[in-house]
Amino acid sequence: MIKLGVLISGTGSNLIAIQEAIERGELDASIELVISSRPNAKGLTRAHEHGLKTMALSKELYDLGAQAADEIIASQMMEAGVDFIVMAGYMRKVTQPILQGFPNRVINIHPALLPSFQGAHAIEEAWLKGVKVAGVSIHFANEVYDQGPIIAQRAFDVPEGVTLEELESLIHEVEHKLYPEVLQKLAEDRVRIMPDNTVRILD
Ligand code: GRF
């Protein structure tokens, strides 16, 4: 059983997918704390509906610098006894206080097949390119945005003539399955970062 701290900024659909997998008994974990970078994030309301403990950080705090916010996040997560920090639509970079406080224990989900389409507009950029295969990546976060060791990816064929909204919902569907599956592998202690920075999943 692992203890998770989840970082969100928006709708929190991945947060809820993870919590529902826990409630169904498919993920041997607990969400100890949800921290939002936006006080009005929809995900906070959804977290409350599931009885989760939450906290929101103000824009003014982030304006003081990422370091100030990240020191608070790291200390709150430590106090909550969290094993892994799970970024779920968290639209800020994580910096040293979090990365050093939780070495190789910060996970991110990205709505594209990394290393393609890094950055905050991945789905739209992939759609504008007319990609024929799309997908989702889950990786360890490090100092370099969207470039940490890849833990898992799942690809699918893009239907002809798909709209941006349709592509978004196909990607979210994959995210909501893949994130709990990957976290379960972490719960089973089957995920190893190799010396060359690739990840191996043990049988
Ligand atoms: C997801 O597509 C995730 O890959 C990206 O931001 C989105 C968050 O969605 N990083 P939600 O807040 O979990 O609904």
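Rules used in this analysis
- Residues numbered from 1 in each chain as written.
- Predicted model: local features only at pLDDT ≥ 70, side-chain atom pairs only at ≥ 80, totals over all residues.
- Heavy atoms only, no water.
- Phe/Tyr/Trp six-rings, centres within 6.5 Å; stacked < 30°, edge-to-face > 60°.
- Lys NZ or Arg CZ within 6 Å of the ring centre and 35° of its normal.
- Salt bridge = Lys/Arg side-chain N within 4 Å of Asp/Glu carboxyl O.
- Buried < 20%, exposed > 50% of the residue type's maximum accessible area, 1.4 Å probe, protein only.
- Helix = DSSP H or I, 4+ residues; strand = E, 2+ residues; numbered from the N terminus.
- Pairing = 2+ DSSP bridges.
- Near = heavy atom within 4 Å.
- Polar contact = N/O pair within 3.5 Å; in protein donor to acceptor, adjacent residues only side chain to side chain.
- Areas by Shrake-Rupley, 256 points an atom, 1.4 Å probe, with all protein chains shown as cover.
- Axes fitted to C-alpha atoms, helices over the stretch in contact; angles between N-to-C directions.
- Parallel < 35°, antiparallel > 145°, perpendicular 65-115°, else oblique.
- Left-handed = near helix turned anticlockwise from the far one by under 90°.
- Contact = heavy atoms within 4.5 Å.
- Nonpolar A, V, L, I, M, F, W, Y, C, P; charged D, E, K, R; others polar.

Caption draft 1: Main features of the packing of aromatic side chains. Per the stated rule, a full pass over the model turns up 0 aromatic pairs. The ring centre of tyrosine 62 lies 4.0 Å from the NZ or CZ of arginine 92, which sits over that ring. Sitting over the ring of phenylalanine 84, arginine 105 keeps its end group 4.7 Å from the ring centre.

Caption draft 2: Just the pattern of salt bridges, in detail. Under the defined criterion, the tally for this structure stands at 6 salt bridges. Two residues, glutamate 26 and arginine 24, come together in a salt bridge whose shortest N-O distance is 3.0 Å. A residue is classified by how much of its surface remains accessible, and arginine 24, at 52% relative accessible area, is exposed. Salt-bridge contacts for lysine 132 lead to glutamate 160; the nearest nitrogen and oxygen are separated by 3.7 Å. Linking lysine 132 in the loop between helix 6 (122-129) and strand 6 (133-140) with glutamate 160 in the loop between strand 7 (150-157) and helix 7 (164-187), this pair joins segments that are 28 residues apart in sequence.

Caption draft 3: Summary view of the pairing of strand 6. Taking burial as the measure, the 8 residues of strand 6 include 7 buried ones, the bulk of the element. Strand direction decides the pairing type here: strand 5 (residues 106-110) and strand 6, joined by 4 bridges, are antiparallel. Pairing of isoleucine 109 across the sheet is with isoleucine 138, part of strand 6. Bridge count for strand 6 against strand 7 is 7 bridges, and the pairing is antiparallel. Bridge pairing in strand 7 places alanine 134 opposite phenylalanine 156.

Caption draft 4: Structural detail: the site of the ligand. Near the ligand you find Thr11, Gly12, Ser13, Asn14, Gly89, Ile109, His110, Pro111, His172 and Glu175, and these make up its full shell. Note that a nitrogen atom of the ligand is positioned 3.3 Å from one of the backbone N or O atoms of isoleucine 109. Contacts to the ligand include glutamate 175, whose side-chain N or O atom sits 2.3 Å from an oxygen atom. For the ligand, the accessible surface in isolation is 370 Å², of which the surrounding protein chains cover 86%. Every element with two or more residues in the shell around the ligand is listed here: helix 1 (13-23), strand 5 and helix 7.

Caption draft 5: Examining the packing of helix 1 against helix 2 (residues 42-49) more closely. Taken N-terminus to C-terminus, the directions of helix 1 and helix 2 make an angle of 15°; their axes are 9 Å apart at the nearest point. Between helix 1 and helix 2, the crossing angle belongs to the class labelled roughly parallel. As for how helix 1 packs across helix 2, the hand of that crossing is right-handed. Of the residues in helix 2, those touching helix 1 at Ser13, Leu15 and Ile16 are Gly43, Arg46 and Ala47. Residue classes in the contact of helix 1 with helix 2 are distributed as 3 nonpolar, 2 polar and 1 charged.

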